[in-house]
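Structure at a glance
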Amino acid sequence: GESVGLHLPTLSVQEGDNSIINCAYSNSASDYFIWYKQESGKGPQFIIDIRSNMDKRQGQRVTVLLNKTVKHLSLQIAATQPGDSAVYFCAENISGYSTLTFGKGTMLLVSP
Amino acid sequence: ETGVTQTPRHLVMGMTNKKSLKCEQHLGHNAMYWYKQSAKKPLELMFVYSLEERVENNSVPSRFSPECPNSSHLFLHLHTLQPEDSALYLCASSQEWGRRSEQYFGPGTRLTVT
């Protein structure tokens with residue numbers, strides 16, 4: 001079936017490095033994407049979103065890139081900090097449908 | 001923290017027990033959601049309420065029964081659960097259902113069925 005998935009289950013980086021978390025989607029009808037961050041013991045927290053009419057969107061220290069040709073989404077975190085350690089997962093929304101489909105998540109571990 | 005609160009935060013129950021999870025949102029949103037989060041699985045949408053009306057029910061077993069008495073409160077009533085129902089149950093709300101609006105999540109209830 002069609003799904004949202006992640007390439008790497010765990011990503012370990014050093015503090016100050018840039019992090020890149022990837023997400024693949026298979027449904028070409030998907031036109032809205034969200035990245036969430038989930039810290040231990042907390043619910044998911046919205047980070048950034050992007051619509052399919054864009055290929056890049058920047059937030060504070062985060063950038064989301066969308067490549068519709070290969071159905072790939074990535075989250076870039078600049079100057080990663082220990083507080084960025086969490087599970088990150090993407091979600092997609094298919095045009096005409098109201099619910100989000102979530103990926104499994106990638107654990108980001110930041111070492112001081 | 002967030003405008004969505006959930007109680008209890010942790011719950012251990014036997015298979016013959018009846019319990020309820022509570023969610024409250026203080027954001028003035030019109031849509032509320034229940035999700036199940038199991039280890040190594042994506043978030044699974046269980047129920048959606050919009051303006052207190054159930055609008056989605058994703059093939060959830062009848063041992064889970066939602067209730068939405070008003071737009072600020074959402075309950076999940078549990079009875080005769082199975083050990084495989086052990087998971088983190090997350091509540092979320094959004095401004096509207098049916099449009100692309102950000103979902104705000106609560107901290108979840110960690111449920112263990114023994």
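Structure: see above.
Here goes a summary of the coordinates provided. Please read these numbers as outputs of a predicted model, since none were measured by experiment.

1. As for the overall build of chain A
Each helix and strand counted, chain A has 0 helices and 11 strands in total. Helices and strands in chain A line up, N terminus first, as β-β-β-β-β-β-β-β-β-β-β. Taking 2.2 N^0.38 as the reference for a compact globule, 112 residues should give roughly 13 Å; the C-alpha atoms of chain A span a radius of gyration of 13 Å, in line with that estimate. Seen along its three principal axes, the alpha-carbon backbone of chain A occupies a region of about 45 × 25 × 20 Å. Among the 112 residues that make up chain A, the fraction classed as buried is 45%. In chain A, the share of contacts with a sequence separation of at least 24, taken over all contacts with a separation of at least 6, comes to 53%. Surface accessibility of chain A: about 5,500 Å² in total, with carbon and sulfur atoms responsible for 47%. A distance of 2 Å separates the average location of the 9 positive side-chain charges in chain A from that of its 9 negative side-chain charges.

2. Focus on the nonpolar core
The biggest cluster of nonpolar side chains holds 22 residues, and the ones touching the most others in it are B:Trp34, B:Phe64, B:Leu76 and B:Leu78. Those elements that place two or more of their residues in this core are β2 (10-13), β3 (18-25), β4 (31-37), β5 (44-50), β7 (64-70), β8 (73-79), β9 (87-94) and β11 (109-113) of chain B. Filtering out sequence-adjacent residues up to four positions away, B:Leu78 remains in contact with B:Leu11, B:Met13, B:Asn17, B:Lys18, B:Lys19, B:Leu21, B:Arg63, B:Phe64 and B:Leu111. If you look at the next biggest cluster of nonpolar residues, it comprises 20 residues, including A:Val13, A:Ile48, A:Ile77 and A:Val110.

3. Let's talk about the environment of A:Val87
Residues and elements named next belong to chain A. Relative to the helices and strands, Val-87 is located in strand β9 (residues 86-94). Spatially, the C-alpha atoms of Val-87 and Asn-22 are 12 Å apart, while their sequence positions differ by 65 residues. Residues contacting Val-87, with those up to four places away along its chain left out, are Tyr-36, Lys-37, Gln-38, Gly-105, Thr-106 and Met-107.

4. Some thoughts on the layout of surface pockets
Its boundaries defined by the atoms lining it, the largest pocket holds a volume of some 690 Å³. Considering the residues around the largest pocket, the lining is formed by 28 residues, among which A:Gln38, A:Val87, A:Met107, B:Gln37 and B:Arg110 are closest to the centre. Mapped onto the lining of the largest pocket, the elements with two or more residues apiece are β9 and β11 (106-111) of chain A. By residue number, the principal contributor to the lining of the largest pocket is β9(A), which donates 3 residues.

5. Observations regarding the interface of chain B and chain A
Contacts between the two partners involve 21 residues from chain B and, on the opposite side, 19 residues from chain A. Summed over both sides, the interface of chain B with chain A buries roughly 1,600 Å², with 53% coming from carbon and sulfur. The tally of links between chain B and chain A comes to 0 salt bridges. Applying the counting criterion to the chain B and chain A interface returns 3 residue pairs in polar contact (both at pLDDT 80 or more). Of all the secondary-structure elements, those providing two or more residues to the side of chain B that touches chain A are β4, β5 and β9 of chain B.

About the criteria used
Residues numbered from 1 in each chain as written. Chains lettered and ligands numbered in written order. Predicted model: local features only at pLDDT ≥ 70, side-chain atom pairs only at ≥ 80, totals over all residues. Heavy atoms only, no water. Helix = DSSP H or I, 4+ residues; strand = E, 2+ residues; numbered from the N terminus. Rg over C-alpha atoms; globule rule 2.2 N^0.38 Å. Buried < 20%, exposed > 50% of the residue type's maximum accessible area, 1.4 Å probe, protein only. Contact = heavy atoms within 4.5 Å. Areas by Shrake-Rupley, 256 points an atom, 1.4 Å probe, with all protein chains shown as cover. Lys, Arg positive; Asp, Glu negative; His and termini not counted. Charge placed at Lys NZ, Arg CZ, Asp CG, Glu CD. Core = buried A, V, L, I, M, F, W, Y, C linked by side-chain atoms within 4.5 Å. 1 Å grid on protein atoms, 1.4 Å probe; cavity = no way out; pocket = protein on both sides within 12 Å on 5 of 7 lines; lining within 4 Å. Points joined across faces, edges and corners; volume = space filled by probe spheres on them. Buried area = accessible area lost by both parts, 1.4 Å probe. Salt bridge = Lys/Arg side-chain N within 4 Å of Asp/Glu carboxyl O. Polar contact = N/O pair within 3.5 Å; in protein donor to acceptor, adjacent residues only side chain to side chain.

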